[in-house]
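# A look at the structure
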Amino acid sequence: MQPWSLTNSSQYRQGVGMVSKVIYLHMPIEVYKTFPCPEGTSFKASFRSCVADGGCLKSYEDKGVADWNTTACGIDLVFVVDMSYSISPDNKIKMKKVIQQLLAQIRIGPEFTMVAGLTYGAETKPFLYISSFNDKKNIREATDKMVMNPRKGTATHLALRETREAMLRTKNGRRQNHKAVVIVMTDGCTNPPEKSDETIAEAQRLKDPESYEAGVSSPEVFLMTFPNEKLDNVKDLAPEEREKLEGIKKREFEAIPSKAENRFDATFDNMKDKLNLILRTSCKEIKTPGQ
């Protein structure tokens, strides 16, 4: 006879926004006794020694990732990630890893969150459409392949246009009656600066309900900004040129998010917390078109 067994009580999967309460039986001395797993944990089906580990999977908090817990909700989530020349290779890797960590913690699937994303420099490089995959393994493999060294430039206008024209279309998986959330992650303004007006125009089109098909809402757009380390370290830039670039950046950063509070100033070291906050904010209130 095996020394452990699950009871017939209902099991709830350990997951974001869910309660887990599992009772298992243990027979240390010829008699089964019941032992509850702690809240937020689940039964470890492969365990053989209750004395050694209690038979319960560790909770997210025990694993040190409690800050990543967020409410499960059915949004279409799109990442628009600046991988331009001004961002160092190390920081690009940080951005990719943090996105992957976030996706590992949220509920992915047709009834939950679906994901798309592109990177951009002088051109856009989609790495995932909403319709591409609905499981974490394939999504992680897709994010592993995101292009992080595009041609020199920062074509924010093209990135916003492709988000609207491709990422948020039903032909590429956008779901009707589901909220869409776009997270733009960048360290600066459009380059060349002459394209800044196009970026501002594309930001408005991205948020315009008239830009989308029937039954599909315009997205809620968030902007996450990072310090532009390359520009900040340029010593011989004329004051008037620096002032001009700061003015362009200010106008673009005001135009991109859906509202002022949707802008988050971050560093490459604290973006994890900022992204988690964005997801928590996005899931607080889910509205469908027409409501």
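Here's what I pulled together on the structure shown here. (Residues numbered from 1 in each chain as written. Predicted model: local features only at pLDDT ≥ 70, side-chain atom pairs only at ≥ 80, totals over all residues. Heavy atoms only, no water.)

### Things to note about the pairing of strand β4 (residues 76–82)
Within β4, seven of the seven residues are buried, leaving the element largely enclosed by the surrounding structure. Covered by surrounding structure in β4 are Asp76, Val78, Val80 and Asp82 together with Leu77, Phe79 and Val81, the residues of both alternating faces. With seven bridges joining them, β4 and strand β5 (residues 114–120) adopt parallel strand pairing. Bridge pairing links Asp82 to Tyr120 in β5. The β-α-β motif built from β4, the intervening helix α2 (residues 89–105) and the parallel element β5 has right-handed crossover chirality. Alignment of β4 against strand β7 (residues 180–186), held across six bridges, turns out to be parallel. The residue of β7 that forms the bridge with Val80 is Val184. (Buried < 20%, exposed > 50% of the residue type's maximum accessible area, 1.4 Å probe, protein only. Helix = DSSP H or I, 4+ residues; strand = E, 2+ residues; numbered from the N terminus. Pairing = 2+ DSSP bridges. Right-handed = clockwise from strand over helix to strand, strands pointing away.)

### Remarks on α2
Between its first and last C-alpha, α2 extends 25 Å over 17 residues, near the 24 Å set by a 1.5 Å rise per residue. What α2 keeps buried is the set Asn91, Lys92, Met95, Lys96, Val98, Ile99, Gln100, Leu102, Leu103 and Gln105. (Expected span 1.5 Å × (residues − 1).)

### Some points on the pattern of salt bridges
Enumeration over the complete set of coordinates arrives at 16 salt bridges. A salt bridge links Lys125 to Glu123; the shortest N-O distance between them is 3.7 Å. With a closest N to O distance of 3.6 Å, Arg161 and Glu198 form a salt bridge. Taken together, the positions of Arg161 in helix α4 (residues 156–167) and Glu198 in helix α5 (residues 196–207) put the pair 37 residues apart, joining distant regions of the chain. What emerges from the salt-bridge pattern is a single network uniting Arg161, Arg164, Glu165, Lys195, Glu198, Glu202 and Arg205. (Salt bridge = Lys/Arg side-chain N within 4 Å of Asp/Glu carboxyl O.)

Everything listed is a geometric property; what it means functionally is a separate question.
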